[in-house]
Every structure is written in structure tokens, then in C-alpha cells.
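# Understanding the architecture of this molecule
Read off the chains here:
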Amino acid sequence: MCQVSLPFGIKGSGVLATAVKFRSLLFWAVWGLLSGMGANLLHAQQPAYFILGEDEFKGLQIYDVIQDQQDNYLISTNEGIYYYDYQHFARIGCSEAKSNSVFNFVADADGNVYCCNLNHQIFSIRNGACALLYELQDDEVSSDISLAIGPDNNLIAAAKKVIVIDSEGKALRRFGYPASHCGQPFTLKNRFVIYHLPGRDSVIIVNPNGFTTQQVIGLDPSMEKLGLLSFFRIGGNSYALDLSSKGLYAFDERLFSLRVLPHNPAFERSKSLRFYGVGDATWVAGTLPGAFHFNQALESAQFPLYYEKYFISDIFRDREGNTLLSTFDNGILVVPDMTIPDVIASFRDDPVTALHVDPATGILYLGSSKGVLMRYDDHQLTILKSNGMRAIECMIGKEGFPYVLYDDGAIRALDKRTGQSIDLTTAALKDAAIVHPKLSYLGTNMGLLRCTWSEDGLPEVTPLEGFRFRTHLVELQAPEGGLIASTSHGLFAIDSNEIGKKILLDGEDIFPTAMANFQGQVLAATQNDGILILKNGQVVGRISPKNDRLEILRKLFPFQNTILAKSSHAVYQFSKNGEVKKNISKVYGFPESRVFDFDLQGDRIWVSHAGGVQAVELSTTVSNQSMPELQLARIDVNGSPVTTEFGTEFGSDQRKFQFSLALPSLRYRQSVRLHYQLQGYDAGWNVKANDGSAIVYNALAPGNYTFLAKAENQGRFGKNVAFSFTIASPFYTRFWFMSICALAFVGLVILVFRRQLALQRKKAQQINELNASKLTAIQSQMNPHFIFNALNSIQDLVLKGDVENSYSYITTFSNLVRSTLNYSEKDFIDFEQEIKLLNLYLSLEQLRFKKKLVYSIDTDDIDDIQLPPLLIQPFVENALVHGLLHKEGEKRLTIKFELREALICIVEDNGIGRERSKAIKERQRSEHESFSGKAIRKRFDILSDVFQGEFGYHYEDLMENGQASGTRITLTIPVKRNF
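Everything quoted here is computed from the prediction, not taken from an experiment.

## Looking at the pattern of salt bridges
Side-chain pairs of opposite charge can arise where the charged atoms are in close proximity. Tallied over the entire structure, the rule returns 25 salt bridges. The partner of Asp408 in a salt bridge is Arg412, and the shortest N-O contact between them spans 2.6 Å. Looking at Asp408, the relative accessible area reads 0%, which means it is buried. A relative accessible area of 10% means that Arg412 is categorised as buried. The partner of Glu498 in a salt bridge is Arg450, and the shortest N-O contact between them spans 2.5 Å. Of the two residues, Glu498 is situated in the loop between strand 43 (490-494) and strand 44 (500-505) and Arg450 in strand 39 (residues 447-453); the sequence distance between them amounts to 48 residues. Judged by relative accessible area, which is 22%, Arg450 ranks as partly exposed.

## Focus on the packing of helix 4 (residues 803-823) against helix 5 (residues 831-848)
Two elements in contact, helix 4 and helix 5, have axes whose closest approach is 10 Å; the angle formed by their N-to-C orientations is 140°. If you check the angle between helix 4 and helix 5, you find them oblique. Considering only the axes of helix 4 and helix 5, their crossing is left-handed. Between helix 4 and helix 5, the residues in contact are Tyr809, Thr812, Phe813, Asn815, Leu816, Ser819, Thr820 and Tyr823 and Gln833, Leu837, Leu840, Tyr841, Ser843, Leu844 and Leu847, respectively. Here the residues of the contact of helix 4 with helix 5 sort into 9 nonpolar, 6 polar and no charged.

## Regarding a negative patch on the surface
There is a patch of like negative charges on the surface, built from Glu832, Asp858, Asp860, Asp861, Asp863 and Asp864. As for its position among the elements, Asp858 is in strand 68 (residues 853-858). For Asp858, a relative accessible area of 40% puts it in the partly exposed group.

## Section: helix 4
Look at helix 4: 30 Å from first C-alpha to last across 21 residues, which is about the 30 Å you get at 1.5 Å a residue. Along helix 4, the residues classified as buried are Ser806, Tyr809, Thr812, Phe813, Leu816, Ser819, Thr820 and Tyr823. One side of helix 4 holds all its buried residues, which, seen down the axis, span an arc of 160°. Facing away from the buried side of helix 4 by more than 90 degrees, the exposed set consists of Val803, Glu804, Tyr807 and Arg818.

## Observations concerning the sheet that holds strand 51 (residues 562-566)
One key point about sheets: their strands pair by backbone hydrogen bonds, in either a parallel or an antiparallel sense. The 4 strands are arranged 50-51-52-53 in an open sheet whose pairing can be described as antiparallel. The sheet is open, and its two edges are formed by strand 50 (555-559) and strand 53 (580-584), each paired on a single side. If you compare each strand with its neighbour and ignore which way they point, the axes differ by 20° on average.

## Considering the environment of Ile363
Mapped onto the elements of the fold, Ile363 is located in the loop between strand 29 (352-357) and strand 30 (364-368). The contacts of Ile363, once residues within four sequence positions are left out, are His356, Val357, Asp358, Arg375, Tyr376 and Asp377.

## Thoughts on the sheet that holds strand 13 (residues 171-176)
Taking strand neighbours across the sheet as the criterion, the 4 strands line up as 10-11-12-13 in an open arrangement whose pairing is antiparallel. Each having just a single partner strand, strand 10 (146-149) and strand 13 make up the two edges of the open sheet. Each strand axis lies, on average, 20° off the axis of its neighbour in the sheet, ignoring direction. As defined by bridge partners, strand 12 (residues 161-165) adjoins strand 13 across 5 bridges and the pair is classed as antiparallel. Looking at strand 13, one finds that Val162 is bridged to Phe175.

## Side note on the nonpolar core
Ile872, Val876, Leu880, Leu893, Phe897 and Val907 are the most contacted members of the largest nonpolar core, which has 43 residues in total. Considering each element in turn, this core owes the most residues, 9 residues, to helix 5. Contact partners of Phe897, with chain neighbours within four places excluded, come to Phe831, Ile835, Leu838, Ile857, Asp858, Thr859, Asp860, Ile862, Ile872, Leu903, Ile904 and Cys905. Leu52, Ile92, Val102 and Ile332 belong to the second-largest nonpolar core, a separate cluster that totals 29 residues.

The rules behind these values
- Within any chain, residue numbers begin from 1 and follow the written order of that chain's sequence.
- Given that the model is predicted, a residue must reach a pLDDT of at least 70 before its local features are reported, and side-chain atom pairs must reach 80 or more before they are shown or counted; all residues, however, enter totals for whole chains, interfaces and linings.
- Computation of side-chain values: all heavy atoms of the structure, hydrogens and water removed.
- Each salt bridge in this description consists of a side-chain nitrogen of Lys or Arg and a carboxyl oxygen of Asp or Glu lying within 4 Å of one another.
- For each residue, the accessible area found with a 1.4 Å probe, counting protein chains only, is set against the maximum for its type, and the residue is called buried under 20%, exposed over 50%, and partly exposed in between.
- Helix and strand definitions follow DSSP, with helices as H or I runs of at least four residues and strands as E runs of at least two, each counted in order from the N terminus.
- With axes taken as lines fitted to C-alpha atoms, and helix axes fitted only over the stretch in contact, angles between N-to-C directions fall between 0 and 180 degrees.
- Small angles under 35 degrees read as roughly parallel and large ones over 145 as roughly antiparallel, with 65 to 115 read as roughly perpendicular and the rest as oblique.
- Throughout, a crossing is termed right-handed when the near helix is turned clockwise from the far one, and left-handed when it is turned anticlockwise from it by less than a right angle.
- Contacts are assigned to residue pairs with any non-hydrogen atoms lying within 4.5 Å of each other.
- For this scheme, ten residues count as nonpolar: Ala, Val, Leu, Ile, Met, Phe, Trp, Tyr, Cys and Pro. Four count as charged, namely Asp, Glu, Lys and Arg, and the remainder, Gly too, count as polar.
- The patches described consist of residues with a relative accessible area above 30% and no salt bridge, like charges being joined within 9 Å and nonpolar side chains (Val, Leu, Ile, Met, Phe, Trp, Tyr) within 5 Å.
- Surface exposure here means Shrake-Rupley accessible area, sampled with a 1.4 Å probe, where a residue is shielded only by the protein chains that are shown.
- In this tally, Lys and Arg are treated as positive and Asp and Glu as negative; His is ignored, and so are the chain termini.
- Charged side chains are reduced to one point each, which is NZ for Lys, CZ for Arg, CG for Asp and CD for Glu.
- Helices are assigned an expected span. That span is 1.5 Å times one less than the residue count.
- Note that the arc is defined by the directions from the helix axis to the C-beta atoms.
- Only strands joined by at least two bridges in the DSSP assignment are considered to pair.
- Throughout, nonpolar core names a set of buried Ala, Val, Leu, Ile, Met, Phe, Trp, Tyr and Cys residues whose side chains join them through atoms within 4.5 Å.

Rendered as C-alpha cells:
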């Protein structure tokens, strides 16, 4: 690319190098507007374009654009470098930079991008990171600096000296020249780089071996003073322009000779010029808005001025073939194809909502959102009517029909010959079918109306009986007559006698969104059932448009053997089987995606969209139709990015995957559809629009997966991108884990078994001890003193001859012994049995005490409970032996029971008390208390462990006038209920 840059250092000419102190192109734009030279210019319709980064670069001055090795864009501005990856804009910083503004993007064959700033610094950009490469030394500093790539792929920087720098920042060679600056670099066909020395007839040549100078011959001898030559190329022809005199030359690169050419007024429009080689053409921009495009030999043609409302600061052609024009404050103009014309006008404040082109004359009629009626003829736009009451939503005409029907608050007919409008009715026009010049049918909000024209041109509008309800669409069944009408009551076929019959689909009403007559049949677009084919008042077929968005089609138009259909954002061309042949949208230069209306003349389609009104030749095939390669830009797992290495394994908890796809295309980014599939999860291919949104899979199960994606551009597919990965099974499903669990289970079973065995052993030991304590209790109850006393008492009765009482007591004694032995084998006995045993025992003891013992047992009517046997008797015996035996006078013993949460038993005597009893025992050295007391305590402890109850007892001394008057014993015994 050959360039002559701005005069202040952004690829700037050395002639005006003092302008480097001005850091803004805005100054020079204003200066050019005030002082630029006039010229006879050709103003042609410019190529269609759309704007990239209009919002992101609002208020910023874009200086330069280039692509890196990955086809992403680097954009230099007055606020630094921006990086665009077809999805997002990101700013690139450099901590060593002394200023943010950089210029002069160049790229070597290895993908390294270089640039410089006004502080004599040169930077390299690799993999999206910017670093200082070289800083000019004092003897190299100039007010101007330019960059180029030499024949050996090294960087060439030209300032006060020409310096060759390698990719590591090492200066390999320097060349000083006898001037304060030199011209801009120009790369010859042999890859050598030349610089013109201002005011001289020689150039510096940079070749792989070093530097040489070469005289240029053939300069115009009439010029008093030679300025600075700028070289550029158009196709295979090379040229030179003297930036001071605007003298133009043909340049022979082999002989280094110049041939004088006539002056071209395009070069005189601006005082300072910048040249941009773009493919086989050259663009020229300057200090005034707009840019010239040269694609033919300069000797033989005039050249158009494009984009006059924009100040163009840089022009670059990307690898996709798009031309990118950088601007101040308006982002980047993207021209996908130079052959597609731009809109005739933007209509930004009042969009064109309806249009009709006359097939015979090619005159275009337009209706706007504010009700303005216009005509476009021979590049002239004329307003026919400007006082509409509402938006013009439809315009209908036909070849041979002298009127255009429209509605701007009332239905009117525009006379094509006079440009005057005729009022028809106050209804709202929705659609119309023109049978012949004298008969039309109008679909309105008030029903279907018949419009007939008299010989003198006066219309008569009458309602069609039977169709006095809202009619949305009307279409001829055949040229000779008959209608298909879509109404609020359904779809009707109306014959030439105006008799209607309803058309149903599977027994249901049909409500089309658009209709058109196609090869003797009527096509009816629907929201959910595709395009229905109607013939003779019946549905005879269906077309399923293969566009992934499932868009509602609002207009149909037959074209040759295909169908044109309008959605809200594009015009599609379908084949008869529904295949998309063309998606006429941004790829054809639409600056906005919103489409309002379209009409057809020959093979030219006129489209009204949010960016204006534009003509597209349907025979035009957008150049460079090669499919851009889809890229898997990013993979996020559980919200964190991961590498795209093929065959990655993830943990069982890494189950949410997000795939971000990038299509390195500006031209096709709207027309491309993305097909994707996750093998191992999806049953088939999914389709989505190329809208930059990520593809997300939540909660994937463990297993092997392969993510596949491919781009499709109007039926053509690119290569697949693939990413295979594995999600590991949870550790608890692994063999080793299950083995460990099995071993742990076996170990746990063994431990539980051993614990249960130990518990059983302990329980058996406790039961043995309990049984032993029972025997001890029996022994303590059946102690020799008791047995001896009982037998003595019985013997005494026998000796006294009291046979009846002696027999009775013997029976009582035997019953007591039998009951004691019987109950000692049981864990629990009934409460009544325990009371009976106590009565047997006390009756025998009463005999021993010679009738001096008085006792009572108060059961409080307790029944239906069980308690451990032989618990109360030892305490009663202690009361008798230690409390009442040595008592003089009446001996009283009371036993009371109370049932709470446990059984409360109170044994109370009026004996001598525990202190006197203890003294007597010590004198007698009795072992009874120690023996029976220990046995009782141990038995109570065992019972508490075995039966999980609170077994307990406590003693209380009774006092009267400071003297012991007896003892009270309170027992707490857990019980079992019978019910």
C-alpha cells in the first residue's frame, strides 16, 4: 500500500513537517474548508456502506486501521490503540508510551505490527500486546517519521535518517541524507522501498544489501521549483504527484523516469493529500471531507468523490475485501463491495415506509412515516405531497394502471401523469388488487371495497356485500379475475361473481401475513405453517423457507422462478423448495437491519430500510464469496476460561460449558448462520444467528463429548471447528472408591458385630451379677436370724398347744419361702404380688414381735403395673431389725405407695433411729447391715444399667422434741405398665 500521509506526522509529508505539533486532524479539516482550492469534480453515487464502532468511537479521532495475523483489527485513535475481535472492542495500553496517539500502522510477513507516535517512539504489537521497540536517537530525530516494511522483512523508519530495524528492536543499518526530511515510502514491484528527497531529482533506494540513491529523469522543465514527489499505483500503473505544484507524472519503475500528464482537478481540491493503495485502486483524501477513488488510468477518466459528509483519515482494505474508511467522530465506514450503490438518501428524520416503482418508466414513488409523498426520477427527488395525516404504509400500482394507490389518512390515487392525488374514501388502506385499469378491489379496515373508474376518470367506491369486516390482504387468483382475501374472519376465495368461500387448513382458519400470485397460484405466508400454495380456493401445497430465524414474512413478490420475501430485517430470495438463494441485508450494504418495504423493476430491487432507500441488482453477486473460517474464540467452564487444547479432561464438578464462536468477517456477519452440535448430548445440529452470544450447556453429565460448529453463508458451509473433552465420573462411582467403600463396609460390619458382641457380653455379665444379687437378697432375707426367729415362734405356738395358729404360720412361712424363690427368677412381677409378699413377711415378723408390731400398707389403689421383685422387703426388714426391735412399747410400721412417673414407696417406722441403732450394732458387732446394705446398693446399680431407669432410695431421720422418733425411707422404682 502506497500512502502519502497527513502533513503533521501521521504518515505525513515532509513538506509540511512543521505541522507535527498539531495532534488533531480537525484543525486541518477546518483549515481546508476555508482555504481549499476549488475543482471541477464528479459527484457519483457512492458505494453502499455500514458503520463499524459508531457508538464505541463517538467523539474519538481514528487515525489508522490494520489487521493482525489472526485477522483481528487494530485501530489507532487519539486515545490509544483499540483491538477488535469481531465481537468486542478492547483498549491496548503500553506503559512505556509517552503519548497515547500512534500512527503509521505497518505489518511484516510474520504478523508483527508496528506503529509510532510523535514522541519519537516506535512500538511493536504482537498477540494483542504493545511494547516499545525502538526510540529514535538525537541524531535521528525529525519532525516527521514514516514506517515501511523492507524487502528483507525488516522495519524501515525514515526520519532525519533512514534506519533498518529488526523485529527485536536492533538498528541494523542507518543512512543519512542531505535534507531535513524525505518523502513517504513507496514499495516498488521488486519489493525495494524508495523515498524522494524534497526539491531534488533523486530518490533513496532501500534494498536488502543497504542504501543507494538514484536520479529520477523526466521532471517537468517548466516547473520553477521541484517540491516533494508522492508515488502511488493504480492497477499495474505507477504515478507520481508533486505535492506542491500538483504536477502529475506517469512513473516508470524500471527506468526511474517520469512522463508529464495533464493536471487532474481532483488533486487540486485539497492543499494536503494522502494516498492509499487499496487493491488495484487508489484512494486520495485530504483536508476536506470525502475521498476520491481511482481505479482506471489517470490519463483516461474522471474520478468520483465519495462520502462528502465524513472526514476520511485513513483507508484500508482488509483480507476479506472490505474497504475500511476511518473517520473523525463517526467510527469506521465499511464498504463490502464497490459495485453496490449506496442509498439515494438517508431519510433519517422521516424514514420511507412504503414504495412503488413503475415497471414501465422506472420512476420510484415513496411514502414516508410522516405522510410525505415523493417521486424519484433521474437522480432527482421531488416532493409531491407533504401534508399527510399519518404514515403511508402501503403503495400499490401495476403496469398499465395510471394510478398509484396509497393511504395517508384517507385512501387516495396518485395520477402518474399529473402528479395529482384523487380522494377515494376515508377508510384505511391495507392492500389492493388491480384487476384492470377500470377495476380494483381495496382491502380496508371497513371491509373489502370495489373501486371502478368511469371513462372520464372519476372513481366510484362501493362495499362488497358479505365482506364488511376488516380485510388485510387482497390478491388476484388469476389474471382474468377472482380474489383471495385475508380478513379478520379468515381466508376467503372470491369468484368473479363476488361470491366467497372460506379456505381452511386442517379445519382451522388461516390468517396469512403476506400474499402474492406466483405462476397461476397464490402464495400465502403464515406465521407457523410456512408459505401455503393456493389454487382453485384450496391449499394444494406448502413451501417451508429454510431461514433459521422463523421470521414473519410481510411481503411476497415473484421474481423469475424464485420468490422475494421481506421480513423485519432483510429481504430473502427463496427457491421454490424454500432454499435461501440470497439474504439481501448488510452483506449488500444495508447500513441498518430494519427493512420497511421493497419493490421490483426488472432485476433491480428497491429496498427501504432504516438507513434509507437503496437499489440492488439481483444479478449482482457480492465479490469474494469465500466462506470465512469460523473460530472457537473462547471456552469457559464453570465461568472460568480454559485452553482449547484438543482432548481436555475436566473434573466431575466442571459441568457448565460456554462456547464463544468468532467469525472473522465484517461482510457476512449478519447473513451467516452458525450450526453447532455437542456430540454426546445433542441429537442433531442446532442453528443460531451470528449475534455474538455464547452457546451454553448447563449441568453436563460425566462422559465424552465433542463440540462441533460450522458457519453457513446462504447455503455454503465452511470448515468445522471441533473441541473434544471428557468430564470425569464422580469419585464415588470409580472402581477404587467402590472397593474402598466395600472394604470399609465390611470393616464397619465387623466393628459393629464386635461391639454388639461386647455389649451382649456386658449385658450377660450384668444379668449374672443381677442374679447373684438376687441370691444375695434371698440370703439376706432368709438370714439365719429370721429363719430361727420364725421357727422359734412357730415352735412356741406348738408347745402352747395352739395348733391352729401354728399351722397357719407354718403355711405362711412356706408361702413366703415359695414366693421368694419363685419371684427371684423374674425381671418384673405384678404390683399386687409384691404387696402379697410384703404381707406374708410382715405377718411372720408380727408373730416374732409378740403382737407389739402394728403395720399398715397403703397402696393408693395402684394396679396394672409391674416392678422388679424383692426390692422393698429388705428395707422393711432393716426398719424392723434396726429401728423397732429395740423399741419399747408400741412398734409402728407404715408403708405407703404413690404412682408418679415412677413408683414412690415410703417406709416409715417409729423406732429408735439410725444413731442409736448404729451404737447397738457396734456393741453387738453385727454384720447384718453391712452385708445386706451392700447387696441392696449393688442391686440398685445393676437395675439402673440393665433397665435404663432411675432406681434410688434415701433415708430420713424423724425427730420429736429433739429426740429421734423414727426413720423414713423413700424408694424410687421405675415400673412397667400392663397396658
